[in-house]
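# Coordinates in review
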Amino acid sequence: MQKNISVLAGDGIGPEITTATVKVLKSVNQHFNHALTPTVGLVGGDAYDRYGVHLPEETIALAEKSDAILFGAVGGPVNQPDNPRFKNVEKNVILALRQRFDLFANLRPLKILPIAAAASPLKKKIINGLDILIVRELVSGIYFGPRRQYEENGERVAEDTNRYKAGEIERILRVGFKAAAGRRRKATVVDKANVLETSRLWRSVTEAVKKDFSEVAVEYMYIDNAAMQLVRAPANFDVIITENMFGDILSDLGGAVVGSIGLLPSASLNGRNFGLYEPIHGSAPDIAGKNIANPTAQIFSLALMLRHTFGLEREAEAVEKAVSAAWAKGLKTKDLAAPGEPWLGTKEFGQAVADLI
Ligand code: IPM
Ligand code: MG
């Protein structure tokens, strides 16, 4: 298969984990005879230095010509909120790319990885069997509704608007129900229908769309209860489908539950299977440039790309299995090594996984 991948490494540990992942990609090309060709584009601080903006037109043009985006991370140290290299960079890059490419379907799989299970704050018997897919609507809702700040009777007021169109709800539900049909056939639509009008529209659209997926058991759950159930009995969930803001919150909570936010990948897809693939974790500036970051979430994101955009299931599994094989051989990065245990650098771990494809 011949395809183009734009590689947007970004800030902090982004370049290191991305370089390690591109090694794995090249190994996939070699072993499966593909030409999935990476081309680097600038986003974040480096883009700002060179072009004066965080997401230059050059980078957008590169992404438009490609079949998928492999994205690292953006963002600077928290103690430099006014540094123009990083000011509003998440909004300028991540939210802008999501909107520009209409990446409405955010898939965040949560699984228990044996290597991280001990890091879960929950009891073993509670996380046992946990396998959840969070399907988060990503280009609408309160993230993108009208917002403003103004003055009223001498007092400052701010507004963010949560707004959904029926069509936006329908398309994310279809992605979620289809995924559920290929899994354990259960979908939980998470909302706040006891309060919010948008949630009532979600429910009314759900009632219509679920008729096309009669094999899937659909249930509703309020967001506050869903947060509780995710901690109390997470193994009961299969697919969670929810709006932008609730999905943001639940996915961090879910990351903590599986003890491995640093290992979790994500896919953000549009209606043509074009996708942006990125780790859930951020740019971790405190450990950047030291060759100690764990590239696994980014490597797993590559696997999601192979699966969802290119339909290369065998190759995706080869990547995931290579990571497990590395761990099984005792090869691990610093974050996963016990005190005193030997560990590999970012580069070396990427190479080890590449060699195990
Ligand atoms: C995420 C992040 C982003 C979001 C931020 C960086 C804008 O938290 O991808 O979950 O809120 O969507
Ligand atoms: Mg988030």
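Residues numbered from 1 in each chain as written. Chains lettered and ligands numbered in written order. Predicted model: local features only at pLDDT ≥ 70, side-chain atom pairs only at ≥ 80, totals over all residues. Heavy atoms only, no water.

## Examining the site of ligand 1
- Taken together, the neighbourhood of ligand 1 is formed by Glu 90, Arg 98, Arg 108, Arg 136, Tyr 143 and Asp 248.
- Side-chain polar atom of Arg 136 to an oxygen atom of ligand 1: 2.8 Å apart, as the coordinates give it.
- Here Asp 248 contributes a side-chain N or O atom positioned 2.9 Å from an oxygen atom of ligand 1.
- Considered on its own, ligand 1 offers 320 Å² of accessible surface; in the complex 73% of this is hidden by protein. (Near = heavy atom within 4 Å. Polar contact = N/O pair within 3.5 Å; in protein donor to acceptor, adjacent residues only side chain to side chain. Areas by Shrake-Rupley, 256 points an atom, 1.4 Å probe, with all protein chains shown as cover.)

## Describing helix H12 (residues 313–328)
- Helix length check: H12 (16 residues) gives 22 Å between terminal C-alpha atoms against 22 Å at 1.5 Å per residue, within 8%.
- If you check which residues of H12 are buried, you get Glu 315, Ala 316, Ala 318, Val 319, Ala 322, Val 323, Ala 326 and Trp 327.
- Gly 330 sits one or two residues past H12 and shows a positive phi near 85°. (Helix = DSSP H or I, 4+ residues; strand = E, 2+ residues; numbered from the N terminus. Expected span 1.5 Å × (residues − 1). Buried < 20%, exposed > 50% of the residue type's maximum accessible area, 1.4 Å probe, protein only.)

## Some words on helix H9 (residues 223–232)
- Those residues of H9 not exposed but buried are Ile 223, Ala 226, Gln 229 and Leu 230. Down the axis, H9 shows its buried residues gathered within 115° of arc, on one side only.
- The secondary structure elements touched by the buried residues of H9 are strand E5 (131–137), strand E8 (186–191), strand E9 (217–222), strand E10 (239–242) and helix H10 (244–257). (Arc of directions from axis to C-beta. Contact = heavy atoms within 4.5 Å.)

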